[in-house]
Protein chains: 6
Amino acid sequence: MPGSVFKPGDRVSLRTVEAGDDEFLRRHRNDPTVRRPLGEVEPKTAADVAAYREEVVRGEDGLTLLICAEGDPVGLAFLFREEPRSGVAELGYWLAPEAWGDGYATEAADLLCEHAFDERALHRLSARVYEGNDASANVLEKLGFLEEGRLREANVWGGERRDTLRYGLLAREWRANREGRAD
Amino acid sequence: MPGSVFKPGDRVSLRTVEAGDDEFLRRHRNDPTVRRPLGEVEPKTAADVAAYREEVVRGEDGLTLLICAEGDPVGLAFLFREEPRSGVAELGYWLAPEAWGDGYATEAADLLCEHAFDERALHRLSARVYEGNDASANVLEKLGFLEEGRLREANVWGGERRDTLRYGLLAREWRANREGRAD
Amino acid sequence: MPGSVFKPGDRVSLRTVEAGDDEFLRRHRNDPTVRRPLGEVEPKTAADVAAYREEVVRGEDGLTLLICAEGDPVGLAFLFREEPRSGVAELGYWLAPEAWGDGYATEAADLLCEHAFDERALHRLSARVYEGNDASANVLEKLGFLEEGRLREANVWGGERRDTLRYGLLAREWRANREGRAD
Amino acid sequence: MPGSVFKPGDRVSLRTVEAGDDEFLRRHRNDPTVRRPLGEVEPKTAADVAAYREEVVRGEDGLTLLICAEGDPVGLAFLFREEPRSGVAELGYWLAPEAWGDGYATEAADLLCEHAFDERALHRLSARVYEGNDASANVLEKLGFLEEGRLREANVWGGERRDTLRYGLLAREWRANREGRAD
Amino acid sequence: MPGSVFKPGDRVSLRTVEAGDDEFLRRHRNDPTVRRPLGEVEPKTAADVAAYREEVVRGEDGLTLLICAEGDPVGLAFLFREEPRSGVAELGYWLAPEAWGDGYATEAADLLCEHAFDERALHRLSARVYEGNDASANVLEKLGFLEEGRLREANVWGGERRDTLRYGLLAREWRANREGRAD
Amino acid sequence: MPGSVFKPGDRVSLRTVEAGDDEFLRRHRNDPTVRRPLGEVEPKTAADVAAYREEVVRGEDGLTLLICAEGDPVGLAFLFREEPRSGVAELGYWLAPEAWGDGYATEAADLLCEHAFDERALHRLSARVYEGNDASANVLEKLGFLEEGRLREANVWGGERRDTLRYGLLAREWRANREGRAD
């Protein structure tokens, strides 16, 4: 059975991740265009995906939701390294290549920010982007994330050392942005 | 469900190894023409193959991928004895006999080199070939591997002691070769 | 799925032993004409056979293969008490009664000798035959095994104490025989 | 038995952490002046410390060493979140209050940098400091770490939200510094 | 109780490794001058050493013996990656720094060769030496090992990539050397 | 506490093996002059000897007894591969070098034969001797064992392939010998 809607939006919704999504997850987590910006270099078999769903998706560190557009899965959005006491977490997401360019990532990340700040009472969200991944940086900047640092030569991509950009967004900033957009 | 594409190429692709591939793996891992160049002398039952898939394919030491041509499995390619800190691993592969002679092994090994050097950030790949296995040596030499040593009388093949040849390829060499081919 | 061919021959092939062979194994391991020359006096239930397949066939001491003629199982061939360091093992086999008299045992044992000497690098094979089991002694003698000893009154067969004959074959003898046959 | 010297230095040495150090670890990990700059808010019982020693100190993620001055324990130095493939890790340390002000932290961190770059072949080390912890920032700056970012309001200290400073040091920078000091 | 003599020699003997040797092993396995030529970068606590003794020393892959001079431990000698069927293994050893320069390593390695070839029936021994470790290369060359290959840039030592030298010695070569020395 | 007398004799007695004998067992099982005629090539640590005592000595396959002379341990005698239904077992023994030459082995083996035939109701005992081990062959011949076979090149000793001699003794032969000696 398809996942239930956890956080509805205009064009996309964030749904629970279910066994029926395994094939979607497996295909894209192995796709180099999806996994390389995430720094993932291990193949994921059907059994790996099932274990990921059981251990990570159902685990207690953050949350993982399926991004759906018109009812079909188009990607994944997640909070991880959540520290409830400090009120911080990291935000992550990926989209299937056929869903790129439609603004789905931005809408999905925005929904997850709303959930994080309004429901989980977080104070700030962090995100990291490998240097050169402009699509991902654009999503963050549209949501109001500020570039807060550049960890020099902290990752290897395409055989070359690159910097890792650190972004941050505070709850009050996100709320101010929302009001600005609502005007 | 068939394996997902992990590393796509022109004529062959490297896919995840799944339960549906067990029969293919079992048939060829028992075939003397396939297993003898690998030094394998133990029969592999269906249960052995399932355990191999669970323990080795899904294990954390290196990676194992199915070589597919036109969507059908034709062999296996793997990295093993990977030491991420030293940046080294060993490369291995085998093809089903009906797929010999079409250059599939060379293309599959080249794809795995690209993954190893560009994504896994390895510095060097090693390979070992039993003396007399010219087909395997040819694949390595086409990719730019250099013969670095000859371990005298280190294996037994066909009832006779033979040398084991040691090959090595550095990331910068592979990249220079790639550029040369691209011209 | 039926077992894979591990060692192909002219009329018989040696295949991996699979769950689908349990019924064949159970029927013949309980048949007195098969089990008595092996000194087996315990009934083997379906569960016993499954455990045997899991523990002995998949175990690491020697190897066990199904003898097939025209694709159908006709018996079992095995190496046991293998000592790789000393380069020795014992050879054993049995045939279903309906397959007796066609030379299958000799061809199967010969295939296993070839595997033992050429691939497993063994130096010698031993075999033991209960006094009076002329069919089994004939198989060994055709392969070039020499009678090396007679352990007096070492077994009980048909209610009588009998001697156990010890046979041995060295790798170089088997190879010389092979060349003689090839002429 | 007291820990063995793993990395010797002029005034301090880095030693293995042993059961005999539990009392030292417990006393200081509970001390607010030590644990607050580390963001630690949970009491550590003797059993917690023993579990920490078994799971973290003996674990495979990074390494943990006792800082000793004149043979006596004065603090702890550690690498964590080590990613051998990317060649990165985070550096951490703490000193017992009675050992502050003698430069032990700087010497200990320098020894750990030398180990990280020369033996573990790491490419870069990261460190994080809570805004206002000038002592810790001084240690990093003496070693050549550069401030690479400021994660706004990412921690809570003394009841106030503060920024977390991110520092980084590359292997080649550390080596150039070492040569400069040697002159 | 101190270890029993397993292989006696003129000045050194090879003894079983016992719990009473843990302190000796821990001190030297952490000492950078001992562990760096072995490529070991992890601290070894008392618990690690006890686990090593239980899992490696008592394990079934090769063998590990204490090198003693005048009854006192001075180092460790071991065979690993032993493949009895192929008749090959790798030789390793280390000496405590205070025992360097007395020829103990050569005598200990020679005793282990004698055990490997005469008792374990091995056909060849391999050894690997990091480029620049002349002391270890000298030991091997005195025993008659030949340099068989040079794996380019296969290890990192002192922050620099170095080659790994591969050495090999055949049983018949060792025996001829022994006779030459006996003259 | 020392072992209890299980089978008393004139000069030697066979006693139960106890923890207090571990040091004696360890010293001699590692001594090349004792272990090589037994084909034993693995070092035995204190923990190995304790496990041997627990698993083999207390095990259900045959029996193991300490040979004592004047109350002091001088060796070990054992029955193994016992098949109660066939009435057969193999006899083994070893003596500490300082106890050689006094006839202790012969007396101990004779006591064990008496126990095997009179108490265990065995019909025959087997023994195997490596070619060239005349001391062991002499013990067997004094007890009336007949050489029943010669397994060609079945072991490796001192780096050379040697034959293994098979000996056998029937209960009625042993009884006739006893009567002859009693005359």
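A look at the overall build of chain A
Okay, step 1: Counting its regular elements, chain A contains six helices and eight strands.
Okay, step 2: The order of helices and strands in chain A, counted from the N terminus, is β-β-α-α-α-β-β-β-α-β-α-β-β-α.
Okay, step 3: Seen through its principal axes, chain A has C-alpha atoms that stretch 40 × 40 × 35 Å.
Okay, step 4: Residues classed as buried in chain A amount to 56% of the 183 residues present.
Okay, step 5: Counting only contacts in chain A whose residues sit at least 6 apart along the sequence, the fraction spanning at least 24 positions is 59%.
Okay, step 6: Summing over all exposed atoms, chain A offers an accessible surface of approximately 8,200 Å²; the carbon and sulfur share of this is 47%.
Okay, step 7: In chain A, 26 positive and 36 negative side-chain charges are present, and the distance between their average locations comes to 3 Å.

Let's talk about the relation of the copies chain B and chain E
Okay, step 1: After a rotation of 180° and a shift along the axis of 0.0 Å, chain B superposes on chain E with an RMSD of 0.0 Å. Taken together, the turn and the small shift mark the pair as related by a two-fold rotation axis. Residue Gly149(B), judged by its C-alpha, is the member of chain B lying nearest the rotation axis, at 1.8 Å.

Details of the interface of chain B and chain C
Okay, step 1: Counting residues at the interface gives 23 residues for chain B, matched by 23 residues for chain C.
Okay, step 2: Between chain B and chain C, a total of about 1,700 Å² is buried, with carbon and sulfur atoms accounting for 52% of that surface.
Okay, step 3: Looking only at chain B, the three residues that lose the most surface to chain C are Arg26(B), Val41(B) and Pro43(B), adding up to 28% of its buried area.
Okay, step 4: The shortest N-O distance in the salt bridge between Arg26(B) and Glu18(C) comes to 2.5 Å.
Okay, step 5: Our enumeration of links across chain B and chain C arrives at 11 residue pairs in polar contact (both at pLDDT 80 or more).
Okay, step 6: Element by element, the count of residues in the side of chain B that touches chain C is highest for helix H1 (residues 22-30) of chain B, at five residues.
Okay, step 7: The class makeup of the residues in the side of chain B that touches chain C is eight nonpolar, four polar and 11 charged.

Points about the side chain of Thr106(A)
All names here are of chain A.
Okay, step 1: Considering the arrangement of structural elements, one finds Thr 106 in helix H4 (residues 104-119).
Okay, step 2: Looking at Thr 106, the relative accessible area reads 15%, which means it is buried.
Okay, step 3: Filtering out sequence-adjacent residues up to four positions away, Thr 106 remains in contact with Val 139, Lys 142 and Leu 143.

Describing the packing of aromatic side chains
Okay, step 1: Taken as a whole, this structure holds 24 aromatic pairs over all chains when the rule is applied.
Okay, step 2: Measuring from ring centre to ring centre gives 6.0 Å for Tyr130(B) and Trp157(B), while their planes differ by 65°; the resulting arrangement is edge-to-face. A residue pair is termed long-range when its members are at least 10 positions apart, and Tyr130(B) in strand E6 (residues 124-130) and Trp157(B) in strand E7 (residues 146-157) qualify at 27 residues.
Okay, step 3: Here Tyr130(B) falls in the buried class, since its relative accessible area comes to 18%.
Okay, step 4: Given the relative accessible area of 15%, Trp157(B) is considered buried.
Okay, step 5: Lying over the aromatic face of Phe6(C), Arg35(B) brings its terminal NZ or CZ to 3.7 Å of the ring centre.
Okay, step 6: Arg29(E) extends its terminal NZ or CZ atom over the ring of Tyr52(E), reaching a point 5.9 Å from the ring centre.

Quick notes on the relation of the copies chain B and chain C
Okay, step 1: Superposition of chain B onto chain C requires a rotation of 58° combined with a translation of 0.9 Å along the rotation axis, giving an RMSD of 0.1 Å. Interpreted geometrically, this transformation is the action of a six-fold axis.

Remarks on the confidence of the model for chain A
Okay, step 1: Taken as a whole, chain A shows an average pLDDT of 94; of its residues, 99% reach a score of 70 or greater.
Okay, step 2: Confidence metrics for the complex model read pTM 0.94 and ipTM 0.93.

Remarks on the pattern of salt bridges
Okay, step 1: Counted according to the given criterion, the structure contains 146 salt bridges over all chains.
Okay, step 2: Here Glu42(F) and Arg85(C) are joined by a salt bridge, their closest N and O atoms 3.7 Å apart. One end of the pair, Glu42(F), is in the loop between helix H2 (32-35) and helix H3 (46-57); the other, Arg85(C), is in the loop between strand E4 (72-83) and strand E5 (88-95), on a second chain.
Okay, step 3: Taking the shortest distance from any N to any O, the salt bridge between Glu23(E) and Arg26(E) comes out at 2.9 Å.

Here we look at the interface of chain B and chain E
Okay, step 1: Listed by partner, the interface residues are 24 residues for chain B and 24 residues for chain E.
Okay, step 2: Between chain B and chain E lies a buried interface of about 2,000 Å² when both sides are counted; carbon and sulfur atoms form 40% of it.
Okay, step 3: Summed over the shared surface of chain B and chain E, the number is eight salt bridges.
Okay, step 4: The salt bridge involving Glu148(E) is made with Arg152(B); its shortest N-O contact spans 2.7 Å.
Okay, step 5: Summed over the shared surface of chain B and chain E, the number is 16 residue pairs in polar contact (both at pLDDT 80 or more).
Okay, step 6: Listed by contribution, the elements that provide at least two residues to the side of chain B that touches chain E are E7, strand E8 (160-170) and helix H6 (171-182) of chain B.
Okay, step 7: By residue number, the principal contributor to the side of chain B that touches chain E is E7(B), which donates eight residues.

Some thoughts on helix H5 (residues 134-142) of chain D
Residue and element names in this part refer to chain D.
Okay, step 1: Buried within H5 we find Ser 136, Ala 137, Val 139 and Leu 140. Burial along H5 is one-sided: seen end-on, the buried residues are contained in an arc of 155°. Opposite the buried face of H5, at more than 90 degrees from it, the exposed residues are Asp 134, Ala 135 and Lys 142.
Okay, step 2: Here the buried face of H5 lies against strand E5 (88-95), helix H4 (104-119), strand E6 (124-130) and strand E8 (160-170).
Okay, step 3: Backbone geometry just downstream of H5 places Gly 144 in the positive-phi region, at approximately 100°.

Regarding the pairing of E6(D)
Residue and element names in this part refer to chain D.
Okay, step 1: In terms of burial, E6 is a largely internal element, six of the seven residues being buried.
Okay, step 2: When E5 meets E6, the two strands line up parallel, connected through three bridges. In the strand pairing of E6, Ala 89 is matched with Leu 125.
Okay, step 3: Between the parallel elements E5 and E6, the chain passes through H4 in a crossover that is right-handed.
Okay, step 4: Pairing of E6 with E8 involves seven bridges; the strand directions are antiparallel. Counted as the bridge partner of Ala 127 is Tyr 167 from E8.

Parameters at a glance
All chains use their own residue numbering, which begins from 1 and follows the written sequence. Each chain is given a letter, starting from A, and each ligand a number, starting from 1, according to the order in which they appear as written. With the structure being a predicted model, the display of local features is reserved for residues of pLDDT at least 70 and the display and counting of side-chain atom pairs for 80 or more, all residues being used for whole-chain, interface and lining totals. Based on all heavy atoms of the structure, the side-chain values leave hydrogens and waters out of the count. Secondary structure elements follow DSSP: runs of H or I no shorter than four residues count as helices, runs of E no shorter than two count as strands, and numbering proceeds from the N terminus. A simple rule labels every residue: compare its accessible area, found with a 1.4 Å probe on the protein chains alone, to the largest value its type can have, and call it buried under 20%, exposed over 50%, or partly exposed in between. The contact criterion used throughout is that any non-hydrogen atoms of two residues lie within 4.5 Å. Per-residue and other accessible areas follow the Shrake-Rupley method at a 1.4 Å probe size, with only the shown protein chains counted as cover for residues. Positive charge is attributed to Lys and Arg, negative charge to Asp and Glu, and no charge count is given to His or to the chain ends. A charge is said to be at NZ when it belongs to Lys, at CZ for Arg, at CG for Asp and at CD for Glu. The least-squares superposition of copies is restricted to C-alpha atoms, and to residues with a pLDDT of at least 70 in both copies. Two parts placed together each lose some accessible area under a 1.4 Å probe, and the buried area is that loss summed for both. Salt bridges are defined as contacts in which a side-chain nitrogen from Lys or Arg sits within 4 Å of a carboxyl oxygen from Asp or Glu. Within 3.5 Å is the distance limit for a polar contact, defined as a pair of N or O atoms, with the added protein rule that one can donate a hydrogen and the other accept it, and that residues adjacent in sequence qualify only through two side-chain atoms. For this classification, the nonpolar set comprises Ala, Val, Leu, Ile, Met, Phe, Trp, Tyr, Cys and Pro, the charged set comprises Asp, Glu, Lys and Arg, and every other residue, Gly included, is treated as polar. Between rings of Phe, Tyr and Trp, where Trp is taken as its six-membered ring, a pair exists when centres lie within 6.5 Å; planes separated by under 30 degrees are stacked, by over 60 edge-to-face, and by other angles tilted. Geometrically, a charge over a ring is one whose NZ (Lys) or CZ (Arg) sits within 6 Å of the ring centre while staying within 35 degrees of the ring normal. pLDDT expresses, on a scale from 0 to 100, how confident the predictor is about each individual residue. By construction, the arc corresponds to the directions joining the helix axis to the C-beta atoms. Strand pairing requires that DSSP identify at least two bridges connecting the strands. Assignment of crossover handedness uses the view with strands pointing away from the viewer, where a clockwise path from the first strand over the helix to the second indicates a right-handed crossover.

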